[in-house]
Each structure stands twice: as C-alpha cells, then as structure tokens.
Amino acid sequence: MRNLLVWVVMQDEGGRVLLGRRDGSAYGHGLWGLPGGGVERGEGLPEAAAREVWEEMGLTLDPAGLSLLGVRRYEVDGAQGTDFLFRAPDWAGQPQPLHKTSEVAWFALGDLPPDTLPWVAPLLDAHLRRGARLTEQLHDVHSARVIA
C-alpha cells in the first residue's frame with residue numbers, strides 16, 4: 001500500500017504543538033497525532049493540508065501561507081509512502097474536535113503524551129529541532145534518519 005499524506009504543525013506562542021486524538025480512524029485510533037491525512041485526486045498539497053485541519057479541528061488555514069517543513073519517506077509494516085509536513089504560522093478559529101478527532105490539546109515538544117503516534121516525536125525532533133528537510137523511517141518509526 002502506498003500513501004501520499006500531508007500533516008500540519010501548528011505551534012502556540014510558547015512553542016507547544018497542537019495534536020488531536022484520532023477517533024474512528026482506521027489508522028491510529030485513540031492515539032494523539034498531528035492534523036492531516038490523505039491527499040485527494042487533483043488536490044494540491046497545501047490545499048489538502050488546509051482541508052484536513054478544517055475537517056479535523058475546525059481551523060481555517062490559508063494554503064498559500066503554509067510553509068514546507070519537510071518530507072518523510074516511510075516503509076513500515078507493509079505500508080510505504082511519502083508525507084509532506086507543513087508549518088502553519090497562523091490560522092483562524094479555536095481548535096475543537098471534529099471529524100475523526102475526539103479531543104485536541106497543546107503539548108510541549110519534550111512532553112508529548114505517551115499515547116502519541118510513535119513516528120510523531122522523532123519527526124518533530126528531526127524537522128523542527130534539527131532543521132531536517134528530508135527524512136526516512138524504514139522498519140522502525142521510533143527514529144528518523146536525516147537525509148538532508
């Protein structure tokens with residue numbers, strides 16, 4: 001199975017990251033994760049990112065205002081794909097749990113909940129803290145290999 005996914009990193013004034021608890025999703029049900037998901041046919045990457053945040057958390061993003069944080073290639077447990085991580089510098093609205101999200105909360109980078117999707121912490125570390133533009137996760141999502 002090959003996937004093309006987008007994820008959005010939003011940080012508050014204190015640097016905390018907004019996560020949503022996945023609910024009713026085939027992947028990661030009950031776990032905390034970044035807002036995001038699959039890119040639909042004919043849809044641009046920034047537009048997909050903005051749509052996913054709107055559907056999951058009710059926040060309005062300007063696709064043109066998103067910046068590319070990095071790209072991740074993964075191949076784990078029979079699935080492979082490419083993730084595009086975007087950073088949203090601003091948004092309109094208050095985060096609330098909507099489609100396939102049971103709750104939303106802000107977390108410090110060094111204090112993510114233990115029930116966060118296992119690839120989130122290493123990716124945030126690589127892309128936000130270390131400035132990586134391209135990473136790989138092969139066979140293990142608990143670490144991220146920085147390529148560039």
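Residues numbered from 1 in each chain as written. Predicted model: local features only at pLDDT ≥ 70, side-chain atom pairs only at ≥ 80, totals over all residues. Heavy atoms only, no water.

Selection criterion: UniProt positions are given in the numbering used here, feature names are shortened, and annotations may be inferred rather than shown by experiment.
Identification of the protein chain as 8-oxo-dGTPase from Deinococcus grandis is taken from an unreviewed UniProt entry. According to UniProt, the comment filed for the protein chain under the heading Sequence similarities (unreviewed entry) is "Belongs to the Nudix hydrolase family." The record in UniProt for the protein chain states the following under Cofactor (unreviewed entry): "Mg(2+)".

1. Quick notes on the nonpolar core
Rules: Residue types Ala, Val, Leu, Ile, Met, Phe, Trp, Tyr and Cys, when buried and joined through side-chain atoms within 4.5 Å, form a set referred to as a nonpolar core. Classification of residues uses two cut-offs on accessible area relative to the type maximum, computed with a 1.4 Å probe and protein chains only: under 20% is buried, over 50% is exposed, and between them is partly exposed. Only DSSP runs of H or I with at least four residues qualify as helices, and only runs of E with at least two residues qualify as strands; both kinds are numbered from the N terminus onward.
The biggest cluster of nonpolar side chains holds 24 residues, and the ones touching the most others in it are Leu19, Leu34, Trp119, Val120 and Leu124. Elements with a minimum of two residues in this core: strand S1 (2-9), strand S2 (17-22), strand S5 (67-76), strand S6 (79-87) and helix H2 (120-129). Ranked by residue count, the leading element in this core is H2, at five residues. One finds Val6, Ala49, Val53 and Phe86 within the second-largest nonpolar core, a separate group that totals 16 residues.

2. Some thoughts on the pairing of S2
Selection rule: Whether two strands pair depends on DSSP finding at least two bridges between them.
Most of S2 is tucked away: six of the six residues are buried. Two elements, S2 and strand S7 (residues 101-107), share six bridges in a ladder whose sense is antiparallel. Each bridged residue has a counterpart across the sheet, and for Gly20 the counterpart in S7 is Val104. Of the strand pairs in this sheet, S2 and strand S3 (residues 32-33) are connected by two bridges, and their pairing is antiparallel. The residue bridging Gly20 from the neighbouring strand is Gly33, located in S3.

3. Quick look at the side chain of Arg72
Note the threshold: Distance and chemistry together define a polar contact, namely a pair of N or O atoms within 3.5 Å, with one atom able to donate a hydrogen and the other to accept it when in protein, and with adjacent residues in sequence counting only for side-chain atoms on both sides. By definition in these notes, contact holds between two residues if any of their heavy atoms fall within 4.5 Å.
You can see Arg72 is positioned in strand S5. On the basis of relative accessible area, Arg72 is assigned to the buried category, the value being 3%. Among the polar contacts listed, one links the side chain of Arg72 to the side chain of Asp83, at a separation of 2.6 Å. Separated by 2.3 Å, the side chains of Arg72 and Gln137 make a polar contact. Beyond its immediate sequence surroundings of up to four residues, Arg72 is in contact with Gly81, Thr82, Asp83, Leu85, Trp119, Leu123, Thr135, Gln137 and Val141.

4. Some details on the packing of aromatic side chains
Counted only if it meets this: Ring geometry is summarised as follows: Phe, Tyr and Trp rings, the Trp one being its six-membered ring, pair when their centres sit within 6.5 Å, and such pairs are stacked at plane angles under 30 degrees, edge-to-face over 60 and tilted between the two.
This model, assessed by the stated rule, comprises three aromatic pairs. Between the aromatic rings of Trp7 and Trp119, the centroid separation amounts to 5.0 Å while the plane-to-plane angle is 55°, which identifies the pairing as tilted. Residue Trp7 is found in strand S1, and its partner Trp119 is found in the loop between S7 and H2; the two are separated by 112 residues along the sequence. The residues Trp7 and Trp119 share a single accessibility class, namely buried.

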